[in-house]
Amino acid sequence: MSWLRSEGAFRSGGDTCAAWVYRPAVSPAAKAPVIVMAHGFGCVRALRLPAYAERFASAGYVVVVFDYRHFGDSGGSPRQLLDVAAQLDDWRAAIARARTLDGVEPGRVVGWGTSLSGGHVITLAGTGAPLAAIIAQVPHLSGLAAVRATGVRQAARLLPAALEDTVRALFHRPPRYVDSVGRPGSRAIMVTPDAWPGVAKMAAADGLALTDIPLAVAARAALRIGTYSPLRHAGAVMCPALIQVTADDALCPTSATRKALSRMADARLESYPGQHFDVYVEPLFDTVVADQIAFLRLVAPVAR
């Protein structure tokens, strides 16, 4: 095995975020760059992120993989509460912790995000987070584009639950939950034709069953995602950026991604055949990760 993993943690917003720290089995000759990673909408770190982190650590990088508050192994109550501002705060706390790790070069922190967190790393880089580079895989960039892609009928299905959950929050009552992923026509947030089979393939690739993964979120998230547009921060992103898209992404439209790319100072685009969830599994996974490592070797090389 060419990598080692240890447990870690950091504080954010009064709660503890659980983290894994991956390191190369053989320490680099000098302090290494560190990659900070977190998942997309409603997902936990155990779902496919280790597959990426193992590749990065094997290539000589230190990697921090964390769960947001309210999700996975992290603290926070109520559970499955997706709050964009809180997730961005978790990212800032994770970056600050990563910069203090032994054997890490604090000036070379790379933010790695996918889907919703792909948007997060663009927001962070565009609002002053100390990132040397970012990788945004099939990123969420426009709330309006996401709502349009979902469709008015699906938005109408979710609205009563989202409003009820918002009112319940005002009175400090337990959340009203909806499924984060479902089949077309169901009352779930992600209902594109590839969503349910895509998540099932991701779980199977890790030897997990869908029952092993929390697939619900507090329904108020449906309102918040629709108003979250990292695109507006793209023009302030000065660090090198790798943006990866799929040709037939029905969840995060590539039109918004290409608009963001045109506003960034130093961004490169890689496009792949397939749909949103195809990047996480074979046969596309190997190519996607190889391109990420090639980018990392250019912008944050490891001393050999």
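Nothing here was measured: the structure is a model prediction, and the numbers come from that model.

The rules behind each value
- Residues numbered from 1 in each chain as written.
- Predicted model: local features only at pLDDT ≥ 70, side-chain atom pairs only at ≥ 80, totals over all residues.
- Heavy atoms only, no water.
- Helix = DSSP H or I, 4+ residues; strand = E, 2+ residues; numbered from the N terminus.
- Buried < 20%, exposed > 50% of the residue type's maximum accessible area, 1.4 Å probe, protein only.
- Polar contact = N/O pair within 3.5 Å; in protein donor to acceptor, adjacent residues only side chain to side chain.
- Contact = heavy atoms within 4.5 Å.
- Arc of directions from axis to C-beta.
- Pairing = 2+ DSSP bridges.
- Axes fitted to C-alpha atoms, helices over the stretch in contact; angles between N-to-C directions.
- Core = buried A, V, L, I, M, F, W, Y, C linked by side-chain atoms within 4.5 Å.
- Salt bridge = Lys/Arg side-chain N within 4 Å of Asp/Glu carboxyl O.
- Phe/Tyr/Trp six-rings, centres within 6.5 Å; stacked < 30°, edge-to-face > 60°.
- Lys NZ or Arg CZ within 6 Å of the ring centre and 35° of its normal.

Chemist: Hey, could you run me through the side chain of Gln137 in this one?
Modeler: Among the secondary structure elements, Gln137 is positioned in strand 6 (residues 133–137). Gln137 sits in the buried class, given a relative accessible area of 0%. Within polar-contact distance, the side chain of Gln137 engages the side chain of Thr114 at 2.9 Å. Setting aside anything within four residues of it in sequence, one finds Gln137 in contact with Tyr52, Trp112, Gly113, Thr114, Ser115, Gln244, Val279, Tyr280, Val288 and Gln292.

Chemist: Looking at this model, I keep getting lost on helix 6 (residues 195–205). Mind explaining?
Modeler: Of the residues making up helix 6, those classed as buried are Ala195, Gly198, Val199, Met202 and Ala203. In a view along the axis of helix 6, the buried residues occupy a sector of 135 degrees, so they form one face of it. For helix 6, the exposed residues lying more than 90 degrees away from the buried face are Lys201 and Ala204. Once helix 6 finishes, Gly207 follows within two positions and takes phi at roughly 70 degrees, a positive value.

Chemist: Which parts of the structure should I look at to understand the sheet that holds strand 7 (residues 177–181)?
Modeler: Sheets are built from strands that pair by backbone hydrogen bonding, the pairs being arranged parallel or antiparallel. Strands sit in the order 8-7-9 across an open sheet of 3 strands; the sheet is mixed. The open sheet terminates on both sides in strands that have one partner only, identified here as strand 8 (188–190) and strand 9 (216–218). Averaged over all neighbouring strand pairs, the angle between strand axes comes to 40 degrees, with direction disregarded.

Chemist: Explanation requested: the nonpolar core in the structure shown.
Modeler: A general trend in soluble globular proteins is that nonpolar side chains are found buried together. Formed by 103 residues in total, the largest nonpolar core has its most connected members in Ile35, Met37, Phe41, Phe56, Phe66, Trp91 and Ile134. Ignoring sequence-local partners within four residues, the contact set of Met37 consists of Leu49, Tyr52, Ala53, Phe56, Val63, Val64, Val65, Phe66, Trp91 and Trp112.

Chemist: How should the pattern of salt bridges be read in this particular structure?
Modeler: Oppositely charged side chains can pair when the atoms bearing their charge come close. Within the structure shown, the criterion is met by 11 salt bridges. A single network of salt bridges, built from pairs that share partners, joins Arg45, Asp67 and Asp73.

Chemist: Looking at this structure, I do not really get the packing of aromatic side chains. What am I missing?
Modeler: Pairs of aromatic rings are described using the distance from one ring centre to the other and the angle between the two planes. For the structure on display, the rule yields 6 aromatic pairs. Considering the side-chain rings of Phe66 and Trp91, the 5.4 Å spacing of their centres and the 80 degrees angle between planes classify their relative orientation as edge-to-face. Note that Phe66 is positioned in strand 4 (residues 62–66) and Trp91 in helix 2 (residues 84–98), a separation of 25 residues in sequence. Note on Phe66: relative accessible area 1%, which makes it buried. Clustering of aromatic rings is evident, with ring pairs tying together Phe10, Phe66, Tyr68 and Trp91. A cation sits over an aromatic face here: Arg45 above Trp20, 3.7 Å from the ring centre. The ring of Phe285 has Arg48 lying over it, and the distance from NZ or CZ to the ring centre is 5.0 Å.

Chemist: Even after reading the chapter, I still don't get helix 8 (residues 254–263), so can you show me in this structure?
Modeler: In an α-helix, one full turn covers 3.6 residues, which means residues spaced three or four apart are oriented alike. Listing the buried residues of helix 8 in full gives Thr254, Ala256, Thr257, Ala260 and Leu261. Projected onto a plane normal to the axis of helix 8, the buried residues spread over an arc of 150 degrees and lie on a single side. Structural note: helix 8 exposes Ser255 and Ser262 on the side pointing more than 90 degrees away from its buried face.

Chemist: In this structure, what is going on with the sheet that holds strand 4? I would like to understand it.
Modeler: Pairing is mixed across the open sheet formed by 8 strands, whose spatial order is 1-2-4-3-5-6-10-11. Among the strands making up the open sheet, the edge pair consists of strand 1 (3–12) and strand 11 (267–272). Between one strand axis and the next, the sheet turns by 20 degrees as a mean value, whatever way the strands run. Where strand 3 (residues 32–38) meets strand 5 (residues 104–114), 6 bridges bridge the pair, whose relative direction is parallel. Residue Met37 lies in a different strand from strand 5, and its bridge partner there is Trp112. Against the sheet, helix 1 (residues 49–58) contacts strand 1, strand 2 (15–24), strand 3, strand 4, strand 5 and strand 6, and its axis sits at roughly 40 degrees relative to strand 2. Packing against the sheet, helix 3 (residues 116–126) makes contact with strand 3, strand 5, strand 6 and strand 10 (241–246), and its axis sits at approximately 140 degrees to strand 5.

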